Amino acid sequence: MSDLPNVVLVHGAWADGSSWSTVVQQLQAEGYSVTAPQFPETSLADDVARLRQVLNRQSGATIVVGHSYGGQIMTALGTDAPNVVALVYIAAFGLDQGESLGALLGAGPPTPALAHLIVDEQGFAWLPEEDFVSHFASNVDPVKARVMHAVQQGLSMSTFEDVMGVPAWKSHPTWYLIATEDQAIPPDAERMFAQRMGATTVEVPSSHVAMVSHPDEVVRLIGAAAQTVQSGSASDRLAGV
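All figures in this text were calculated on a predicted structure; none of them were measured in a lab.

**Comments concerning the nonpolar core**
- In this structure, Trp14 and Leu51 are the most contacted members of the largest nonpolar core, which totals 75 residues.
- Per-element accounting of this core gives the leading share, 7 residues, to helix H9 (residues 215-238).
- If we skip the residues at most four places from it in the chain, Leu51 touches Val8, Val10, Phe39, Val64, Ile73, Met74 and Leu77.

Okay, structure coming up:
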């Protein structure tokens, strides 16, 4: 049996589990047990509940990897994160206690990817195709980007008002991939998230969807987290912990 940690991949807003497809294939080829569930995006509470459901099904140490709003979901696990030994943020929100997405995004002008959100009568926000292809997934082949747009899930506007409790990154080791060409989350905001959580950080010349345009770099970062976790586990065993 492999002693590699499990990997749970958390997709962000306006995406689904298929956004991780290439990353899943590469991780599986390296021997990891990988889960990339679908999140309802009906509320932050619903999404955290889904993540807990998936984590409770893991056997042993698990690395959680979140993209974009997926970072909000895994951060909201707080100190009670079953089986979780590390967090990896991919161009993701890493809010601190007392912060909300709405306040953070409202502190400056809308980013190009989020400038024209369409909010339906049920209170879900959607990205128009032009903004999705040209800004959200700007360095992805347009044909593929339009497919990604077609499978997007709307995000409940209620998630912008949720205030973060004690963030999970305060009690777990973290890694962060900054997408330097991100037009959804400003790269400087990503740097701020990474710095204050003390994350091991890499910068990649990618649009917001780095797991699609730069899967190799994403897999390498997850591998670095796994190697550190494994080394720590070995040290604990030697120390009799």
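Continuing now.
**Some thoughts on the pattern of salt bridges**
- Scanning the model with the defined rule gives 5 salt bridges in all.
- Asp96 is the partner of Lys170 in a salt bridge, and the nearest nitrogen-oxygen pair spans 3.3 Å. With a gap of 74 residues between them, Lys170 in the loop between strand S7 (155-156) and strand S8 (174-179) and Asp96 in the loop between strand S4 (84-90) and helix H4 (101-105) connect regions that are remote in the sequence.
- One salt bridge in this structure joins Arg196 and Glu99, with 2.6 Å as the shortest N-O distance.

**Digging into the confidence of the model for the chain**
- With 95% of its residues at a pLDDT of 70 or more, the chain shows a mean pLDDT of 94.
- Within the model, pLDDT remains below 50 along residues 234-241, and this stretch shows 1 contact once partners closer than five positions in the same chain are excluded.

**A few points about helix H6 (residues 142-150)**
- Where H6 is concerned, the buried positions are Ala145, Met148 and His149. When H6 is viewed along its axis, its buried side chains cluster within an angular range of 100 degrees and face the same direction. Opposite the buried face of H6, at more than 90 degrees from it, the exposed residues are Val143 and Ala150.
- Where H6 is buried, its residues contact helix H5 (129-136) and helix H8 (210-213).
- Of the residues flanking the start of H6, the one acting as N-cap is Asp141, its side-chain oxygen 3.0 Å from the backbone nitrogen of Val143.

**Section: unusual backbone geometry**
- A positive phi angle, close to 55 degrees, is found at Ser68, a residue other than glycine.
- Positionally, Ser68 belongs in the loop between strand S3 (62-67) and helix H3 (69-75).
- Residue class for Ser68 comes out buried when judged on its relative accessible area of 4%.
- Notably, Asn83 is not glycine yet its phi reads approximately 70 degrees, a positive angle.
- Its place among the elements puts Asn83 in the loop between H3 and S4.
- The exposure class assigned to Asn83 is partly exposed, which follows from its relative accessible area of 31%.

**Focus on the sheet that holds strand S9 (residues 200-204)**
- The strand order S2-S1-S3-S4-S8-S9 describes an open sheet built from 6 strands, whose pairing is parallel. Two strands lie at the open edges of the sheet, namely strand S2 (34-35) and S9, each paired on one side alone.
- With 5 bridges joining them, strand S1 (residues 6-10) and S3 adopt parallel strand pairing. Residue Leu9 lies in a different strand from S3, and its bridge partner there is Val65.

**Describing the environment of Phe136**
- On the secondary structure map, Phe136 appears in helix H5.
- Placed 46 residues apart in sequence, Phe136 and Asp182 show a C-alpha to C-alpha distance of 7.7 Å.
- The contact partners of Phe136, leaving out residues within four places of it in the chain, are Ala13, Trp14, Ala113, Leu127, Asp131, Ala184, Ser207, His208 and Val209.

Each value, and the rule that gives it
Residues numbered from 1 in each chain as written. Predicted model: local features only at pLDDT ≥ 70, side-chain atom pairs only at ≥ 80, totals over all residues. Heavy atoms only, no water. Core = buried A, V, L, I, M, F, W, Y, C linked by side-chain atoms within 4.5 Å. Buried < 20%, exposed > 50% of the residue type's maximum accessible area, 1.4 Å probe, protein only. Helix = DSSP H or I, 4+ residues; strand = E, 2+ residues; numbered from the N terminus. Contact = heavy atoms within 4.5 Å. Salt bridge = Lys/Arg side-chain N within 4 Å of Asp/Glu carboxyl O. pLDDT = per-residue confidence, 0-100. Arc of directions from axis to C-beta. Polar contact = N/O pair within 3.5 Å; in protein donor to acceptor, adjacent residues only side chain to side chain. Pairing = 2+ DSSP bridges.

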